Amino acid sequence: MNSIYELYQSLSILERMLVFLVLAPFVGGFLAGVDRKLSARLQGRYGPPVRQPFFDVLKLLQKERIVVNKFQNFSIVLFFLFTVFSGALFFAGADILLTIFSLALAGTFFILGGFSVGSPYSHLGAERELIQMVSYEPMVILMAVGMYQVTGTFKTAEIVQHPGPLILFLPGVFAGFLYILTIKFRKSPFDLSMSHHAHQEIVRGILTEFSGPALALIEITHWYENVLLLGMVYLFFGFNPWIALGASVATFLFEIFIDMNYARFKWQLTFASSWLFTAVAGVSNIIVLHFIK
Amino acid sequence: MGWFKRSPWVLHYNATSCNGCDTEVIVSLTPLYDIERFGIINTGNPKHADILLATGSVNEKSVQVLKNLYEQMPNPKVIVAVGLCAISGCVFQDCYNVQGGVDKVLPVDVYVPGCAARPESIIDGVLKACDILEEKYAQRKKSYARTQS
């Protein structure tokens with residue numbers, strides 16, 4: 001049962017980072033494929049093959065490069081680098097706060113990329129992305145605080161090996177994290193900024209001016225990000241690797257289910273509901289924990 | 001080898017169509033025909049599209065829009081004319097305000113006949129367009145290699 005942790009501990013920090021760098025795109029792409037297949041099945045369609053996201057990215061890499069200005073691809077490359085950096089830090093077992101803040105920095109570069117072009121659709125998407133970031137960021141930080149309260153450390157490697165089940169101490173924080181995870185996965189009802197299906201409303205939002213290889217890079221970054229987020233879900237169940245892996249997969253399936261069942265929220269509702277949920281579930285959990293610990 | 005066959009993304013533009021062919025294009029997205037099983041996505045953004053599905057007889061107002069959309073698409077790209085209006089102008093071809101077909105304005109690669117074109121033939125046309133996309137990609141690659149040497 002603990003062979004996963006023994007294997008993990010036998011690797012050096014650089015090796016752990018390398019494993020993440022190599023494996024995460026395959027896992028993320030596979031999950032994206034499962035997502036599309038499952039979404040299609042839930043809608044009564046046959047759906048594309050599970051390998052479809054890889055086909056899409058390979059095709060996008062073969063398309064012509066169209067760059068609107070110098071800063072556009074610069075921001076996207078930084079978005080990619082910082083996402084990969086935060087993922088590598090996380091899976092190497094480094095500080096979870098550093099992971100969270102470098103992920104936020106990656107998001108900021110993505111928004112700057114959206115603002116650097118002239119398209120009003122892109123600007124609208126970038127503004128919505130900002131709103132989304134303001135909505136989810138408090139809960140992500142509260143998650144780190146909650147984990148510190150239980151385990152007494154911010155180090156991911158030590159949090160994951162904490163013998164007690166974190167989920168029993170942090171049910172509210174987990175519920176709040178689940179809520180904002182829908183925003184991070186860019187699923188309905190929170191797919192305001194760059195939905196796959198929003199073309200009637202804001203074309204592709206923040207992605208409007210990105211085409212070909214740049215779009216492929218964004219897609220790959222998104223895979224890395226998804227793996228990192230599921231890794232954070234894993235932390236809550238770290239006491240047993242099999243339960244934790246099962247919980248991560250179940251969370252992903254749950255997000256697909258939510259995606260299929262909800263229409264898109266307005267940004268006001270997104271903002272108000274996620275802060276309300278953060279306050280009710282997250283903050284109250286941390287206050288209670290403060291008194292019982 | 002190109003990957004265009006496995007993931008052709010489609011942009012649909014209604015150039016003064018009666019909405020008949022457009023409805024059929026949308027119908028091919030539904031569970032009955034489900035074009036996403038071929039990896040085809042209806043994007044709505046010219047910068048992400050590989051194939052332009054144009055319907056209608058193209059009047060004076062829509063010429064410029066059609067040209068803009070085509071120019072914004074990154075290479076390689078293919079145009080599919082869907083429906084008889086897009087092929088020849090059909091019953092509207094003598095009207096004073098229509099161009100009479102998409103190929104009067106832009107180089108059309110695949111013609112999908114029918115009034116309205118049936119979803120099956122639209123899917124067939126898009127898959128034919130994929131082969132042309134592959135060819136165009138191969139040509140581009142060859143000409144690029146020539147300029148490099």
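Residues numbered from 1 in each chain as written. Chains lettered and ligands numbered in written order. Predicted model: local features only at pLDDT ≥ 70, side-chain atom pairs only at ≥ 80, totals over all residues.

Caption draft 1: Molecular detail of the nonpolar core. Judged by nonpolar contacts, the single largest core of 68 residues is most densely connected at M143 and I180 of chain A. Counting residues per element, this core draws most heavily on helix α11 (residues 213-236) of chain A, which supplies 14 residues. Each residue touching I180 of chain A, except ones within four places of it in the same chain, is listed here: Y136, M139, V140 and S274 of chain A. The next biggest cluster of nonpolar side chains, apart from the first, holds 45 residues, and it includes L53, Y70, V80 and Y111 of chain B. (Core = buried A, V, L, I, M, F, W, Y, C linked by C-beta atoms within 7 Å. Buried ≥ 20, exposed ≤ 12 C-beta atoms within 10 Å, placed from the backbone. Helix = DSSP H or I, 4+ residues; strand = E, 2+ residues; numbered from the N terminus. Contact = placed C-beta atoms within 7 Å.)

Caption draft 2: Layout of the interface of chain A and chain B. The interface is formed by 25 residues belonging to chain A together with 18 residues belonging to chain B. Listing elements by their share of the side of chain A that touches chain B, those giving two or more residues are α3 (52-62) and α10 (199-202) of chain A. Take the side of chain A that touches chain B: its biggest share by element is 6 residues, from α3 of chain A.

Caption draft 3: Region of interest: unusual backbone geometry. Residues and elements named next belong to chain B. Backbone torsion omega between N75 and P76 reads -10°, so that peptide bond is classified as cis. Along the polypeptide, P76 turns up in the loop between α2 (60-72) and β4 (78-82). Going from C115 to A116, the amide bond is cis rather than trans, its omega being -5°. Mapping A116 onto the fold places it in the loop between β5 (110-112) and α4 (119-148). Unusually for a residue other than glycine, D34 sits at a positive phi of about 45°.

Caption draft 4: Spatial organisation of the pairing of strand β3 (residues 51-55) of chain B. All names here are of chain B. For β3, the buried fraction is high: 5 of the 5 residues fall into the buried class. Burial of the side chains of β3 extends over both faces: I51, L53 and T55 are buried on one face and L52 and A54 on the other. Relative to β3, strand β1 (residues 9-14) runs parallel, the two sharing 5 bridges. Directly across from L11, in β3, lies its bridge partner L52. Crossover handedness for the path β3 to α2 to β4: right-handed. (Pairing = 2+ DSSP bridges. Right-handed = clockwise from strand over helix to strand, strands pointing away.)

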